[in-house]
Amino acid sequence: MKKEKKEKQVTIRAQIQNYMLAVVGVALLLVGTIACVLNYTSTISNLEDSMQLIAKESEAHVHAELEVLLSQVEMIGTIPELGSDETPVDEKKAVLANYQKQYGWLTANIFDVNGIPWGSGTFSYADKEYFQTALGGITCTNDPAYQEQLNALIINYAAPLWKDGVQGSEVVGVVVVTADASVFSDIMSELIVCDGGSAYMINQNGTVIASSDYDSVLNAENTIKEAETDASLKKLAAIERK
């Protein structure tokens, strides 16, 4: 009888111990899960903050580079000799060629108000949006694009050519400069995102126009369009749409 009572006490004690172990185990599991969730949330939050800082940094770099180039082209439009009817075309071309060499531009041309380049009637830029914008008195640029003729990713800058160099007077032509756009990809390459990460820049349509992976620029990759047929890209495309 005593033996049976003792065995029952041991069994009850074992059940209580098992129950307590189970409770402790569940508690530890919950604590571990909560810790993982909090750690994950903290990591995502830190990553988002880091991405925002990187975005602002890259925006500042690109903006600064654009401002320099736009200022250079705008200055060309205020050179009195270029905006004067009395200056021979050959002399104007010589002045422009000197600035092209000085700033390292790929090409530099001045177009009349009809979009025809000086000394050549073989093509017109009248249908170009940036030409029309500059003709309206505003210095501007366009998205980088690959040009087979130059075998390079280029970007065009356009500025109004003011009569006699007097800014704000009459627009008598448009200065159009073509420059190497790889400088923006160089900026992306300099940005440190994280281990194995990279930075890139897209235009309003989602096309990559600058990237540490230069091939993606040359191939004009567009995740938003590619996501239409590739479901694995939908999350990234959703982020890019923002």
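What counts and how
Residues numbered from 1 in each chain as written. Predicted model: local features only at pLDDT ≥ 70, side-chain atom pairs only at ≥ 80, totals over all residues. Heavy atoms only, no water. Helix = DSSP H or I, 4+ residues; strand = E, 2+ residues; numbered from the N terminus. Buried < 20%, exposed > 50% of the residue type's maximum accessible area, 1.4 Å probe, protein only. Contact = heavy atoms within 4.5 Å. Areas by Shrake-Rupley, 256 points an atom, 1.4 Å probe, with all protein chains shown as cover. Core = buried A, V, L, I, M, F, W, Y, C linked by side-chain atoms within 4.5 Å. Patch = residues over 30% accessible without salt bridge, like charges linked within 9 Å, V, L, I, M, F, W, Y side chains within 5 Å. Salt bridge = Lys/Arg side-chain N within 4 Å of Asp/Glu carboxyl O. 1 Å grid on protein atoms, 1.4 Å probe; cavity = no way out; pocket = protein on both sides within 12 Å on 5 of 7 lines; lining within 4 Å. Points joined across faces, edges and corners; volume = space filled by probe spheres on them. Nonpolar A, V, L, I, M, F, W, Y, C, P; charged D, E, K, R; others polar. pLDDT = per-residue confidence, 0-100.

Asker: Would you take a moment to explain the overall build of the chain for this structure?
Answerer: Helices and strands together make up the secondary structure of the chain, namely seven helices and seven strands. Moving toward the C terminus, one meets the helices and strands of the chain in the order α-α-β-α-β-β-β-β-α-β-β-α-α-α. For the chain, the residues scored as buried account for 31% of the 242 residues in total. Within the chain, contacts between residues separated by at least 24 positions form 49% of all contacts whose residues are at least 6 apart in sequence. Put simply, the chain shows about 15,600 Å² of open surface, and 55% of that area lies on carbon and sulfur atoms.

Asker: Where do I start with the nonpolar core in this structure?
Answerer: Side chains of nonpolar character tend, in soluble globular proteins, to be buried together. In this structure, Trp105, Tyr157 and Phe184 are the most contacted members of the largest nonpolar core, which totals 28 residues. Secondary structure elements with two or more residues in this core: helix H1 (2-76), strand E1 (107-111), strand E4 (152-162), strand E5 (171-180), helix H4 (182-190) and strand E7 (208-211). Listed in part, the nine residues of the second largest apolar core include Phe111, Tyr125, Ala158 and Val176.

Asker: Would you take a moment to explain a nonpolar patch on the surface for this structure?
Answerer: On the surface, a nonpolar cluster with roughly 280 Å² of combined accessible area is contributed by Tyr200, Leu236 and Ile239. Counting through the fold element by element, Leu236 comes out in helix H7 (residues 234-241).

Asker: When you look at the layout of surface pockets in this model, what are you seeing that I'm missing?
Answerer: Considered as a void within the structure, the second largest pocket measures approximately 330 Å³ in volume. Residue lining of the second largest pocket: 19 residues in total, with Thr107, Ala108, Asn109, Pro117 and Phe123 positioned closest to the centre. For the lining of the second largest pocket, the secondary-structure elements that each account for two or more residues are helix H2 (89-103), E1 and E5. Here the residues of the lining of the second largest pocket sort into ten nonpolar, eight polar and one charged.

Asker: Explanation requested: the confidence of the model for the chain in the structure shown.
Answerer: One rule of thumb: low pLDDT means the predicted coordinates there are not for detailed reading. For the chain, per-residue confidence averages 76 on the pLDDT scale, and 71% of positions sit at 70 or higher. Mean pLDDT in the chain bottoms out at H1, which sits at 57, and peaks at helix H3 (residues 129-135), which reaches 94. Low pLDDT, under 50, characterises residues 16-41; the stretch is placed with zero contacts to residues that sit more than four places away or in other chains.

Asker: Would you mind going over the pattern of salt bridges with me for this structure?
Answerer: It is possible for side chains of opposite charge to pair when their charged atoms get near one another. Per the counting criterion, the structure on display carries one salt bridge. Lys163 is paired through a salt bridge with Asp85; the nearest N and O atoms lie 3.4 Å apart. With Lys163 in the loop between E4 and E5 and Asp85 in the loop between H1 and H2, this pair connects stretches of sequence that are 78 residues apart. By relative accessible area, which is 28% here, Lys163 ends up partly exposed.

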